[in-house]
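# Commentary on secondary and tertiary structure
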Amino acid sequence: IDDICQVASISKQTFYSRFSSKYDIANWYCARFEERTLCQIGRTLTWEEGVLAHFTTISKQSNFLRWTSYNGSKDTGEATKVRRRAAILETLQNHRKVEVDQRLQFLIEAYLDMEIFLCTEWFRVGCNPSADIFTTYYLDCVPAKLYQAMQLPSSEAQQIEKTLEEPFSRFY
């Protein structure tokens, strides 16, 4: 903790006001890049862009994330599911103007279980296959109705892409 506080130029009191242990840093970090990748699907990113950016980030930070997850992190994925559920519902209702019926709610819950499982397993086996290959496998598992409901229309995706010189530069 002393080293972390020294590098971050913060006191221990400040550190402990935000984190219960050094292992919480990985959970905080994952939640931040999740906001910039997966939570932007259907808003500013297509499924392909959001998922690829997410897995590329995990792959680049795998040593740090592995160290924290094997050395005390108690995250079981439930906090992630709560955050992701809220983001998906907000995207569907406020950005895509989709009514969330019972079937779509069921598909969201199934997707969240799949997301946690696949992300955990991919990370557990050393981020193998590569992020780009795993992205294609992952996208094959997304329920079609959810995928279609959250996918940006091609004209909207092209318009967003035109405004960015490098679509993923803001994530790295």
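Quick caveat, the model's predicted, so the values are computed rather than measured.

The next point concerns the nonpolar core. Counting 30 residues, the largest nonpolar core has Trp47, Phe55, Tyr111, Tyr138 and Leu146 as its most contacted members. Looking at this core, the elements with two or more residues in it are helix H3 (24-36), helix H4 (47-60), helix H6 (78-95), helix H7 (102-124), helix H8 (131-141) and helix H9 (144-150). Element by element, the count of residues in this core is highest for H7, at 10 residues. With near-sequence residues (within four places) excluded, tyrosine 138 lies in contact with Val51, Phe55, Tyr111, Met114, Glu115, Leu118 and Cys119.

In the structure shown here, the tally under the stated rule is 12 aromatic pairs. Seen from their ring centres, tryptophan 47 and tyrosine 147 are 5.5 Å apart, and the 15° between their planes marks the pair as stacked. Placement of tryptophan 47 in helix H4 and of tyrosine 147 in helix H9 is noted, with a sequence separation of 100 residues between them. For tryptophan 47, a relative accessible area of 0% corresponds to the buried category. Between the aromatic rings of tyrosine 111 and tyrosine 138, the centroid separation amounts to 6.3 Å while the plane-to-plane angle is 80°, which identifies the pairing as edge-to-face.

Residues apart from glycine generally show negative phi values, whereas peptide bonds are mostly found in trans. Here the bond from asparagine 128 into proline 129 is cis, since omega is 10°, no more than 30 degrees from zero. Among the structural elements, proline 129 can be located in the loop between H7 and H8. Here serine 9, not a glycine, exhibits a phi torsion of approximately 55°, which is positive. Summarising the element assignment, serine 9 is placed in the loop between helix H1 (2-8) and helix H2 (12-18). You will see that cysteine 127, though not glycine, has its phi angle at about 55°, which is positive. Relative to the helices and strands, cysteine 127 is located in the loop between H7 and H8.

This part is about the pattern of salt bridges. What the rule picks out here adds up to nine salt bridges. For arginine 32, the salt bridge goes to glutamate 35, with nearest N and O atoms at 2.9 Å. One end of the pair, arginine 32, and the other, glutamate 35, are both in helix H3, three residues apart, so they sit about a helical turn from each other. With its nearest N and O atoms 2.5 Å apart, the salt bridge here joins aspartate 113 to lysine 81. Placement of the pair is aspartate 113 in helix H7 and lysine 81 in helix H6, with a sequence separation of 32 residues. Taking relative accessible area as the criterion, aspartate 113 reaches 43% and is therefore assigned partly exposed. Judged by its relative accessible area of 13%, lysine 81 falls in the buried class.

Procedures and definitions
Residues numbered from 1 in each chain as written. Predicted model: local features only at pLDDT ≥ 70, side-chain atom pairs only at ≥ 80, totals over all residues. Heavy atoms only, no water. Core = buried A, V, L, I, M, F, W, Y, C linked by side-chain atoms within 4.5 Å. Buried < 20%, exposed > 50% of the residue type's maximum accessible area, 1.4 Å probe, protein only. Helix = DSSP H or I, 4+ residues; strand = E, 2+ residues; numbered from the N terminus. Contact = heavy atoms within 4.5 Å. Phe/Tyr/Trp six-rings, centres within 6.5 Å; stacked < 30°, edge-to-face > 60°. Salt bridge = Lys/Arg side-chain N within 4 Å of Asp/Glu carboxyl O.

Read these as geometric descriptors, not functional statements.
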